[in-house]
Structure formats: structure tokens, C-alpha cells
Amino acid sequence: MVTQWQELFGHPEPYTEQADGIETAIETAESGGYTVIEGACGTGKTMLALTAGIDRVRDPASPYERVVVATSVKQQLRQFETDLRQINETLPDPHSPISGLTLVGKADVCPYSREGAGGIDSSNVYDRCEGLRERTRNLTGEDGPTTTGALAETARRAQTGLADTGTGGSAVLETAGEKTPFLPSTPEHGDGTGATEYCPFYATYLDELPEDGEPIEAVPFDLTDRGHIGTEELVGLAASYGMCPHSIMGAILPHVEVVIGNYYHIFDPLTASTFTGSLIDEETFLICDEAHMLEPRVRDLVSDAIADRSLRTAENELTRVIQPLSFEGDQLDGTDVELIRGELAESDVSIDELKRYRSFVRDLRSEFDRRVTAYLDAEHRGWKADLEALPDTEIPLRDPTVPEPDEITEWADAQGYTDAVWSRAEIVGTVVGRILDELEDDDVDRSAPSVGRTLGAWYRADHESYFREIELERTWDRSEPPESWQRAYNARLVLYNCVPGDAIGERLSAFGGGILMSATLAPLDVFEQVSGLEHLREAGRPIERRTYGLGFPESNRESFAVDAPKYTYANRGDPGEDTPARQAHADAAVAVARSPGNVLVGMPSYREAKWMADVLEARVDKPVLLDESSDDAETDRLKRSFFAGDGKILVTSLRGTLTEGVDYSGDRLAAAVVCGVPIVNTASPRTKAVQTAYDRRFGNGFETALIVPAVRKARQAIGRVIRGRDDRGVRVLVDARYARQSWNSVRSYLPAHERDAFQPVSADMLSLGLDRFWNRQSADDADRP
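1. Here's the deal with the packing of aromatic side chains
A ring pair, where both rings are aromatic, is described by two values, the distance of the centres and the angle of the planes.
Consideration 1: Counted by the stated rule, this structure contains 16 aromatic pairs.
Consideration 2: An angle of 70° between the planes, with centres 5.1 Å apart, marks the rings of Phe 360 and Trp 422 as edge-to-face. Linking Phe 360 in helix H17 (residues 351-379) with Trp 422 in helix H19 (residues 419-439), this pair joins segments that are 62 residues apart in sequence.
Consideration 3: Classification of Phe 360 by relative accessible area gives buried; the value is 0%.
Consideration 4: Seen in terms of ring centroids, Phe 643 and Tyr 664 are 5.6 Å apart; in terms of plane orientation they differ by 80°. Their pairing is edge-to-face. You can see Phe 643 sitting in helix H27 (residues 632-643) and its partner Tyr 664 sitting in the loop between strand S22 (649-653) and strand S23 (671-675), a full 21 residues away along the chain.
Consideration 5: The buried category is assigned to Tyr 664, whose relative accessible area is 0%.
Consideration 6: Three or more aromatic residues joined by ring pairs form one cluster here, namely Tyr 357, Phe 360, Trp 411, Tyr 417 and Trp 422.
Consideration 7: Across from the ring centre of Trp 458, 5.5 Å away, lies the NZ or CZ of Arg 468, which sits over that ring.

Spelled out as C-alpha cells, the structure:
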């Protein structure tokens, strides 16, 4: 008997693991639980998860109304889109496709930003968009001088009129392969100095928005038979009608069956509160892909920071609100004093409170500057003479191994800035931002509200789960004085969430149930601890586990764990030192690099990658490509070069972007070798604080905070080799800790199927094993007809 999920499944037959996973996920979700799946590449996790979720949505007796997919990797987002389209192509009833939508940021959908028109690009699209929208609303509001229809029509006539003169054919704004009804420049309402810039796409959307209806009624196309709507299709459809694609995306959002997005759409507090909140409820089946990244990615999203420049701007914004109140009269330099007084009265914020809070912000800036200067004087004598030599660094505000109040909090208390100032910071900042938005016609993201929010969080957060520090990040700002540290650094006060599992667990509990999956989750008990799933289990919600190994032919792969000296700093020394550890790892990497085809070499850091690249260039007759810490464009160029032509060697850091979420399928990769266990810098105050917090929460901070994530990084790298049934290759882990049990072995952190696959070999036997494998592959090729 064919079940509903089998009719939805996008291929003729599921793998055994897929069928088991789908049925487990369906049953668990119906009980309000989550299924945790570690599945090797080729398990078909994407199709498994979509099938299970859509089955629940399409079942009339199920409480689920939608599937939401969250992933941290853009390539995986594309895979979900592909598999959803595959499901739609194979449905028994092609006239009832699964509706879907991919969520992206404003820079990807704004017609002006996409085409670099109207003075808008990816660097300013958020501020410009909010400013244009605000002015459009002000022009057409209750007391506005015009209507949304009039604004849209004026913009259309400007384009049409230009075309009629014979000069406008190439001037029309085009995007996503479609012509829009507007010019590339943003239009203005009015003349001369009183003209007001607005967004015609947003004006058209507002004009179509029904007064008492739902936003979906403004969408100019039918969703019924479109299936999944990707970014290009969304932009082309909306912009060709002259409507704002981002607004249309928001209108569609609650009405599709599958939403595909990023982690921040679900876990970022601001995004969830302003855009995706309607998705976060018990009617949503959640799929978290690449779930091994949940902990680090969400930690970044639920941590907070205040830049030194933001404090400076916030102080200035406070002054612009306070200063007019010191003068008589209703108007001063265009500032509406009565508006300020009215907003303050309505918000129950006094002028004295504003002044006291400004003093706090000003003094905090001074204390910030004093601490950075004192640190640089102590640690980098003569730093003013060589600003470009200063490194990125952290300045802890407490002992990271001892949960106790931080030095900024203690300083504030000593200065008389007590609870009354801290606790009201968010309210005061919000009021100041609102006043300036009404008074000043500009596209500026106010600093006062965000500074207030962070100071409020600083005040409320405990000192055990949170760590406070000053972060100094290298930059070069010539607008700052020549001997100022601000010329060399972006400096931030950081409120770092050491234990994001609480926030993850709280957010997961808001959904009806779902799937958390990755190729590298083991050990699953540790994953449940750090991701907050234990809280759900304790609350009575079921958590089911499944582990599926690599299902492709074993004859196509060979896996080795080389018993070489541990690649720790104490063993290897600095690059250039001729230590036994470096010799052994160099020999192993050379042996693997001589494999036919492309070879990936993963090192614990970029510094070690540079050393290994030099070794391989000298000893292997193959082009060697070195990945250095760089921007996305440079990384993409490096990938293209690696994939083109004959075999090459790519050397990278295991903490970089080339060992996860990159498609090396087919003949793109023949071998991968990992040298050492890529544990993060344990001397970092932030790392020490996380380890201490995990010690206190879970009992073994070094294991949960450092070892397990490092082993997952190594497993992600070697997992790049075998991506399909016909792929062939070699996977090598070099370090005694992978090969045998010892006091600091990591072999037990590999799942059972990988411990069986990665046979321990001595360093001198690796070459023999490699030769045997590649000779066998050559013989098999010769035997094929």
C-alpha cells in the first residue's frame, strides 16, 4: 500500500535510510517532537526532511500548516529549492504543486540595489530602503500632500514621457530579466529644495494594499499553480508590475507551504520580531539543516555589541534632542520643540533623564578610550609610531575563568550610574531614535536605539552565561587622528553569549516539531546538550535519534587514520622548525597529494596552511593553491581555479570556508587529508569563558566547547570527497589522536561507522595503502568495457 509520503517523495524509490527517517520524523513530529539525524553525504537528507514535513502539511488531520527550512550554507539552500521542484515534478496531481518561497535579504531583491541604480547598493540598501519607505508613507499618510496612486503614476509618467521623446529606451530600469515601469533614478515629489524622494515600487504596493484586507490581496499574481518561487522569479514578477519585491515577499510569506531561509530568519531576535515572526509557532514543521553549526551561528546572533563609533553617534543624537529644549520658542533651526516635548511626555521620559543618560554615554566613551589606550600602552609599547602593525585582540573585562561582575559594570556603579540609568537605557534610546526620525529627513540608521538595547541587555544578563570584553578589530580609517587607536581599530564593547543553547532551545520549543540534521552531529548526546534539546526532552517532548552511514560502494573509497605524532604546538613548534611532528605530517600530506586528481589539504590554521603549501610546492609536481583569509570573491576565484583543468592541490585552514558547504562532487576532488585536530585558540579570553561556562553547565567544558566542534570540522573536510555513488577517492586523518585510544584521543568522537572505516595505519604504511587503492581503481577502469 502506497502511503501519502511515498506519493510526495520525489524519486521512484527511497533508500532504506530515507524511508526510516521519514517515518520516524512523521511519527515524532505528530507528538510534538524533533528527530535528530546524522546522515552521511548521499543519505538524501534534504529529500527525506522535505517529504516528512510536506506530508504533515498536506495531511488534513495534522496541525501543521507549513514547513520552514533554516540552513547556514547557501549551497544547501539551493539544494532544498532543487528537491522541492523535484517533488513538484513527480506529484500525482501536477495541478496542485507544493507552494514555496525562498527568503533573502533586501539587497538581493531591491531593484535599485540589484542594478546599482538610484544611489542604492548592497552597502546602503537597508538605510536607504527604510528612509524611502518612511518618506513614501509620510507623503501619503493622513496629513500627507498626495496619495500612493499619484506617486506611482507620476513615476510611471516620467518613464513613459522619456520614452516618448525617443531618449528613454535604454533608461528604463531592468532587473531579473524584466523591464520595470520606472526610471533607474529614484523619483521625487515636489520641486526645488522642497522635493521629497520616494520609492515608486513601495508606493505601488501600498496603493494595491486593501484598506481592510490581507496583504496577500496586493500580490499581482496567483500562487496556486506556481510551485516554488525563487528569488529571480519573485523579483521579475513583482518588479515588472512596478511593485516592491521585498514587500511582496512579506505578503506571500504566511501563505506558502514551504519557506526556505537562513538561520537568522529564525534565530535572530530582530528579524524574527520584524519580519518572520508569523512563521514561529506550533503550526510550523521546522527543518534545521547543517545543524552542527546551530551552536556557533546562533551564539553570534544572540550576542550583542556596541561600537565606539556608535557611542559617539548616540551621544550626538541625544544632544540634538536635548539642545532645542534649552531655548525658548517652538522652532529652532527647523527643530519642532513641541514635537520633542510631546514625545517625551507620551513616553514618560524627562529632560533630566535624557541629560543623565547622555552623561552616562559620554563617560562610558571616555572610559572605553582610557581602557583601550592603557591596554595598548602596556602590551604594545610605542604603538602610536606603527599603527599598521597592531593585531586583532580582545581585552577581557573580567577573569574569563571566574564568573563575576565585569569592570565596566563596577566602574559605572562607582560613578553613580546605577540601576535607574541601565534599566531605562533601551526606553530612552528608542524615544530619541523616534524623535529624530520624525524631525530629520535622512536615510540614517540611528545609533541611540541599538546602543540603548545593548546597554539594557548588558545590565540584565548574568555573569556566568555571558562574558563581557572589548574587541579590537583591525581597520584603517584615515579620517581619525594619526596617533589615535581609532585610526587602526574598530572597537566594540561585546556582550558574548557563552551558552546559546538556552536561546536555541527556547526558539525550538516555539515550533510544533521537526528535524535537525547534518552529516556531522556526533556525539549526539553532546549535540542535544549544547543545542538546548535537553530542555525540550525534560518538558516531555520526544527527541528521536538516527545515524546513517555512507551508503555508497566501499570499493570506491579508502580511509586511513595515520598514527603520526600529535600535531600540537608543543610537538610541532613554529613553522620552519624541523621537528619529528612536522616531518611526519609533511610526509603524509605529500603522499596523499601525489594521488591522481585534485587533493584538498586541511590544516589547523591559515599559518599552518602557508607552511604546508610551501612544503608541497617543493616536493610535489602539481600546482599548489593556497587559501588565505580573504573575501568571498577571492575564495570563489580560488575554487574556480581549483576545479579547472588538471589535478591540483588546495591547502586551506579547517576553520575557513572551503571545507564546508562546497560541492566537490564528481571528479572535483580525489582525496582529502586533515593534519591535526583543529581546536580553536585556547588562549583567547572568549574561548576560556565559553569553556568555563560549559564546565559549569555540562561538566566537561573542554570536551563540549572545544574538542567536539574541532572533530566536526575535520569530519566536514574529509566528507568532501565522496559525494555520489560513482565518486572515488581517499580520506586521510593524520594525527595519533584519530588513530588510537589515549588520554587525549578523539577517536571516540567519531561515530561507529567512521571508526570502522578509518583503519589505523603507521605513517610508513600510508604510501603502500594509497598505492594499493589507486592501483585497484586503475585495474577496475581497465576491466570496464
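2. Overview of the environment of Phe 368
Consideration 1: Checked against the element boundaries, Phe 368 lands in helix H17.
Consideration 2: In this structure, the C-alpha to C-alpha distance between Phe 368 and Ala 683, residues 315 residues apart in sequence, is 23 Å.
Consideration 3: With residues near it in sequence (within four places) discarded, Phe 368 still touches Ile 306, Asp 308, Leu 311, Ile 470, Ala 491, Arg 492 and Leu 493.

3. Points about the pairing of S22
Consideration 1: Burial analysis of S22 places five of its five residues in the buried class, the great majority of the element.
Consideration 2: Alternating residues of S22 divide into Ile 649, Val 651 and Ser 653 and Leu 650 and Thr 652, and every residue in both groups is buried.
Consideration 3: As paired strands, strand S21 (residues 624-626) and S22 are joined by three bridges and run parallel to one another. Its bridge partner lying in S22, Leu 625 is registered against Leu 650.
Consideration 4: As a crossover connection, the stretch from S21 through H27 into S22 is right-handed.

4. Considerations on the sheet that holds strand S17 (residues 513-518)
Consideration 1: Read from one edge to the other, the open sheet built from eight strands follows the order S8-S3-S9-S2-S10-S17-S1-S18, with strand pairing classed as parallel. Two strands close off the open sheet at either side, each with one partner strand: strand S8 (228-229) and strand S18 (543-548).
Consideration 2: Sheet analysis places strand S1 (residues 34-39) next to S17, joined by five bridges and oriented parallel. In the strand pairing of S17, Glu 38 is matched with Ser 518.
Consideration 3: Here helix H4 (residues 74-89) sits on the sheet and contacts strand S2 (66-71), strand S3 (100-102), S8, strand S9 (258-262), strand S10 (284-288) and S17; the angle it forms with S9, its principal contact strand, is near 170°.

5. Side note on unusual backbone geometry
Consideration 1: Across the junction of Ala 522 and Pro 523, the peptide omega takes the value -5°, indicating a cis bond.
Consideration 2: Inspection of the secondary structure puts Pro 523 in the loop between S17 and helix H22 (524-530).
Consideration 3: Its identity as a non-glycine residue notwithstanding, Glu 290 has a phi of 50°, on the positive side.
Consideration 4: Here Glu 290 falls in the buried class, since its relative accessible area comes to 12%.
Consideration 5: Backbone geometry at Asp 348 places phi at a positive 60°, although glycine is not the residue there.
Consideration 6: Its place among the elements puts Asp 348 in the loop between helix H16 (337-347) and H17.
Consideration 7: The class of Asp 348 is exposed, set by a relative accessible area of 61%.

6. Here's the deal with the pairing of S17
Consideration 1: For S17, the buried fraction is high: six of the six residues fall into the buried class.
Consideration 2: Alternating positions in S17 separate into two faces, Gly 513, Ile 515 and Met 517 on one and Gly 514, Leu 516 and Ser 518 on the other, with burial throughout.

7. Some details on the packing of helix H25 (residues 580-593) against helix H26 (residues 606-619)
Consideration 1: Relative to each other, H25 and H26 sit at 60°, their axes nearing to 10 Å. Relative to H26, the element H25 lies oblique. When the axes of H25 and H26 are compared, the crossing they make is right-handed. Of the residues in H26, those in contact with Arg 582, His 585, Ala 586, Asp 587, Ala 589, Val 590 and Ala 593 of H25 are Glu 608, Trp 611, Met 612, Val 615, Leu 616 and Arg 619.
Consideration 2: Here the contact of H25 with H26 is built from residues that sort into eight nonpolar, one polar and four charged.

8. Some points on empty space enclosed by the protein
Consideration 1: Taken as a whole and judged by the stated rule, the model has two cavities of 30 Å³ or more.
Consideration 2: Looking at the largest cavity, it is lined by 15 residues, and the ones nearest its centre are Cys 110, Pro 111, Cys 129, Cys 199 and Cys 244.
Consideration 3: For the lining of the largest cavity, the secondary-structure elements that each account for two or more residues are helix H6 (111-115), helix H7 (125-140), helix H9 (200-208) and helix H11 (245-252).
Consideration 4: Here the element with the most residues in the lining of the largest cavity is H7; it accounts for four residues.
Consideration 5: Along the lines of polarity and charge, the residues of the lining of the largest cavity split into twelve nonpolar, one polar and two charged.

9. Describing the sheet that holds strand S24 (residues 729-734)
Consideration 1: Taken in spatial order, the seven strands of this open sheet run S21-S22-S20-S23-S24-S19-S25, and their pairing is parallel. Two strands lie at the open edges of the sheet, namely S21 and strand S25 (759-762), each paired on one side alone. For this sheet the average axis-to-axis angle between neighbouring strands, irrespective of direction, equals 20°.
Consideration 2: Pairing geometry for strand S20 (residues 599-603) and S23, over four bridges, is parallel.

10. Things to note about the state of the cysteines
Consideration 1: Tallying each qualifying case throughout the model produces zero disulfides.
Consideration 2: No disulfide involves Cys 244; its sulfur sits 6.0 Å from that of Cys 199, the nearest cysteine.
Consideration 3: A residue is classified by how much of its surface remains accessible, and Cys 244, at 9% relative accessible area, is buried.

11. Re the pattern of salt bridges
Consideration 1: Evaluation of the coordinates by the stated rule reveals 52 salt bridges.
Consideration 2: Here Arg 66 and Glu 283 are joined by a salt bridge, their closest N and O atoms 4.0 Å apart. Here the residue Arg 66 occupies a position in strand S2, and Glu 283 occupies one in the loop between helix H13 (269-276) and S10, the gap between them amounting to 217 residues.
Consideration 3: Measuring nitrogen to oxygen at the nearest pair gives 2.8 Å for the salt bridge that ties Glu 367 to Arg 370. With a gap of three residues between them, Glu 367 and Arg 370 both fall in helix H17, about one helical turn apart.
Consideration 4: Salt bridges linked by common partners bring Glu 30, Asp 55, Arg 56 and Asp 59 together as one network.

Cut-off values and rules
Residues numbered from 1 in each chain as written. Predicted model: local features only at pLDDT ≥ 70, side-chain atom pairs only at ≥ 80, totals over all residues. Heavy atoms only, no water. Phe/Tyr/Trp six-rings, centres within 6.5 Å; stacked < 30°, edge-to-face > 60°. Helix = DSSP H or I, 4+ residues; strand = E, 2+ residues; numbered from the N terminus. Buried < 20%, exposed > 50% of the residue type's maximum accessible area, 1.4 Å probe, protein only. Lys NZ or Arg CZ within 6 Å of the ring centre and 35° of its normal. Contact = heavy atoms within 4.5 Å. Pairing = 2+ DSSP bridges. Right-handed = clockwise from strand over helix to strand, strands pointing away. Axes fitted to C-alpha atoms, helices over the stretch in contact; angles between N-to-C directions. Parallel < 35°, antiparallel > 145°, perpendicular 65-115°, else oblique. Left-handed = near helix turned anticlockwise from the far one by under 90°. Nonpolar A, V, L, I, M, F, W, Y, C, P; charged D, E, K, R; others polar. 1 Å grid on protein atoms, 1.4 Å probe; cavity = no way out; pocket = protein on both sides within 12 Å on 5 of 7 lines; lining within 4 Å. Points joined across faces, edges and corners; volume = space filled by probe spheres on them. Disulfide = S-S within 2.5 Å. Salt bridge = Lys/Arg side-chain N within 4 Å of Asp/Glu carboxyl O.

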